[in-house]
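Below, each chain spelled out in residue letters.
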Amino acid sequence: TLTLEPNDAFTGFRAGQHINLSVEINGRRRTRCYSPASAERAGSIELTIGRHDGGLVSTYLCDHAYPGMVLGLNSVADDFVMTAVRPRRILFVSGGSGITPVLSMLRTLHAEGFTGEVAFVHYARTADEACYRSELAALRGVRVLHGYTRTTDGADLDGHFGPAHLAAAFPETAPDAV
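One structure accompanies this document, and this report is about it.

Definitions and cut-offs
- Residues numbered from 1 in each chain as written.
- Predicted model: local features only at pLDDT ≥ 70, side-chain atom pairs only at ≥ 80, totals over all residues.
- Heavy atoms only, no water.
- Buried < 20%, exposed > 50% of the residue type's maximum accessible area, 1.4 Å probe, protein only.
- Helix = DSSP H or I, 4+ residues; strand = E, 2+ residues; numbered from the N terminus.
- Arc of directions from axis to C-beta.
- Contact = heavy atoms within 4.5 Å.
- Salt bridge = Lys/Arg side-chain N within 4 Å of Asp/Glu carboxyl O.

**A closer look at helix H1 (residues 56–64)**
Within H1 the residues assigned to the buried category are Val57, Ser58 and Leu61. Projected down its long axis, H1 shows its buried positions confined to an angular sector of 100°, all on one face. Contacts from the buried residues of H1 go to strand S1 (2–4), strand S2 (18–25) and strand S3 (28–34).

Structure follows, in structure tokens:
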């Protein structure tokens, strides 16, 4: 996970959006998009970079990022954002690296003092690959359920996403969609 401190040229992002991150590798500027996990207006930007086989930028950042490294940030984009008027009940569902935009939304709601009901269903291959598991377990006011595709060890949910998993997230009634 990289924690970036953008300069004044960066105008911010909305929770759920992605940012184009640029880094110089062997004399060439390479750009990839990443979704921040940090809350809107948090001051710093948290990016969780997963190492991918054959992934030039991800591998470079995992192996060579260092404090004070200068990276480029631009082109904030995407419409995967929360509505300005928050529903009283929110259900988030993510899988794998899709956790970062959802975590940004959860952190933003927390920073805003949101008092509605929130449930979060996250899928990963195993518990070890479930990013932010400790932080999610400590979140107050959020019902967090994990499903794993390669093992059931430590999973809250069994099988694939479906009506039973939605019922487990909000046992009493169906939630409003985000």
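**Side note on the pattern of salt bridges**
Once the charged atoms of two side chains with opposite charge are near each other, the side chains can pair. In total, this model carries 8 salt bridges according to the counting rule given. The shortest N-O distance in the salt bridge between Arg107 and Glu46 comes to 3.2 Å. Of this pair, Arg107 sits in helix H2 (residues 99–112) while Glu46 sits in strand S4 (residues 45–47), and the two are 61 residues apart along the sequence. Exposure remark for Arg107: the relative accessible area of 18% places this residue in the buried category. Glu117 is the salt-bridge partner of Arg88, the closest N and O atoms lying 4.0 Å from each other. With Arg88 in the loop between strand S5 (72–77) and strand S6 (89–95) and Glu117 in strand S7 (residues 117–124), the pair connects residues that are 29 residues apart, well separated along the chain.

**Focus on the environment of Pro36**
Its location among the elements puts Pro36 in the loop between S3 and S4. Placed 107 residues apart in sequence, Pro36 and Arg143 show a C-alpha to C-alpha distance of 22 Å. In this view, Pro36 contacts Phe13, Gln17, His18, Ile19, Ile45, Glu46, Leu47, Thr100, Pro101 and Ser104; residues no more than four positions away in its chain are not counted.

Function-wise, these values are silent; they only describe arrangement.
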